[in-house]
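Below, each chain spelled out in residue letters.
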Amino acid sequence: MSEADIVLMKIDTIVVDPKTSAPVMVLRGEQDAGIYLPICIGQLEAAAIASVLADFELPRPMTHDLFSHTIEAIGGQISRVTITRLEDDTFYAEIALLDLNGESRVIDARPSDSVALALRADAPIFVAEAVLAEAGGYADDDGEHDEVEGVHDPVEASSNLPSSDVRLEDLDADTFGKYKM
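Here goes a summary of the coordinates provided. (Residues numbered from 1 in each chain as written. Predicted model: local features only at pLDDT ≥ 70, side-chain atom pairs only at ≥ 80, totals over all residues. Heavy atoms only, no water.)

**With respect to helix α3 (residues 111-121)**
Then step 1. Among the eleven residues of α3, nine are classified as buried, and the element is accordingly described as predominantly covered.
Then step 2. Within the span of α3, buried status applies to P111, S112, D113, S114, V115, A116, L117, A118 and R120.
Then step 3. Immediately beyond the C-terminal end of α3, within one or two residues, lies D122, with a positive phi of roughly 55°. (Buried < 20%, exposed > 50% of the residue type's maximum accessible area, 1.4 Å probe, protein only. Helix = DSSP H or I, 4+ residues; strand = E, 2+ residues; numbered from the N terminus.)

Below, the structure written as structure tokens:
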């Protein structure tokens, strides 16, 4: 996949779908904030992402923290993550990293895990244009959702998209679970 086929994105928020109570990660275009991509994710991954967004430090490392610290400890570096494709309603991603010898490695991963690691490593997040064309959308400044260059409006097309103002990063620490970490 070439640089021309991907779009630089950032995590905008995580919201809770009021119909399913499932967390939805919403990515926004870095250069064009009107571009967005919602992806349903798991509760644990949502907590891992929301904790970084809220700048909330847990007393013990979560799995994503452990993996990120391990990569750093052995001299590696996460250089970027890319959401590469959508197949049978499943998103696929890759984590690109440099090993201790400076060699590039690519690891298959879920988008939620990829984004959780990218946030911890301050690494860029990319999405393939083909994924945006299939599952992304465009919202202009006044919140209107438009169909643009093959990008459909998932807010109308899918029942699994956020329409709630509940943001995980705004919840208190007790929301992340009753067990001490």
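And the narrative resumes.
**Overview of the pairing of strand β2 (residues 23-29)**
Then step 1. Burial of β2 is extensive: six of the seven residues sit out of reach of the surface.
Then step 2. Relative to β2, strand β1 (residues 6-16) is paired through seven bridges, and the arrangement is antiparallel. Following the sheet pairing, M9 is matched in β2 by G29.
Then step 3. Here β1 folds back onto β2, and the loop between the two strands holds six residues, one of which, S21, carries a positive phi near 65°.
Then step 4. Where β2 lies against strand β3 (residues 35-40), five bridges are found, and the strand directions are antiparallel. The residue of β3 that forms the bridge with V24 is C40. (Pairing = 2+ DSSP bridges.)

**A few points about the packing of helix α1 (residues 43-53) against α3**
Then step 1. It is at 9 Å that the axes of α1 and α3 come closest, and there the two elements cross at 20°. In terms of orientation, α1 lies roughly parallel with respect to α3. The interaxial crossing formed by α1 with α3 has left-handed handedness. Here E45, A48, I49, S51, V52 and L53 of α1 lie close against α3, whose contacting residues are S112, D113, V115, A116, L119 and R120.
Then step 2. Taken together, the residues of the contact of α1 with α3 sort by class into seven nonpolar, two polar and three charged. (Axes fitted to C-alpha atoms, helices over the stretch in contact; angles between N-to-C directions. Parallel < 35°, antiparallel > 145°, perpendicular 65-115°, else oblique. Left-handed = near helix turned anticlockwise from the far one by under 90°. Contact = heavy atoms within 4.5 Å. Nonpolar A, V, L, I, M, F, W, Y, C, P; charged D, E, K, R; others polar.)

**Digging into the nonpolar core**
Then step 1. Counting residues in each nonpolar core, the largest one holds 35 residues, and the members touching the most others are L27, L37 and I83.
Then step 2. Each residue touching L27, except ones within four places of it in the same chain, is listed here: M9, K10, I11, D12, I35, Y36, L37, I83, V115, I125 and V127.
Then step 3. Counting five residues, the second-largest nonpolar core is a separate cluster that includes V15, V24, V26 and A139. (Core = buried A, V, L, I, M, F, W, Y, C linked by side-chain atoms within 4.5 Å.)

**Considering unusual backbone geometry**
Then step 1. Look at D88: it is not a glycine, yet its phi comes out positive at around 50°.
Then step 2. Following the sequence through the fold, D88 ends up in the loop between β4 (77-87) and β5 (90-98).
Then step 3. By relative accessible area, which is 77% here, D88 ends up exposed.
Then step 4. The backbone phi angle of D89 is positive, close to 65°, even though this residue is not glycine.
Then step 5. Mapped onto the secondary structure, D89 falls in the loop between β4 and β5.
Then step 6. The exposed category is assigned to D89, whose relative accessible area is 74%.

**Comments concerning helix α2 (residues 63-73)**
Quick reminder: α-helices carry 3.6 residues per turn. Residues three or four places apart thus point the same way.
Then step 1. All of the buried residues along α2 are H64, D65, S68 and I71. Taken around the axis of α2, the buried residues stretch over an arc of 130°, which confines them to a single face. The outward face of α2, more than 90 degrees from its buried face, is lined by the exposed residues T63, L66 and A73.
Then step 2. Packing partners of the buried residues in α2 comprise α1, β4, β5 and α3.
Then step 3. G75 sits one or two residues past α2 and shows a positive phi near 90°. (Arc of directions from axis to C-beta.)

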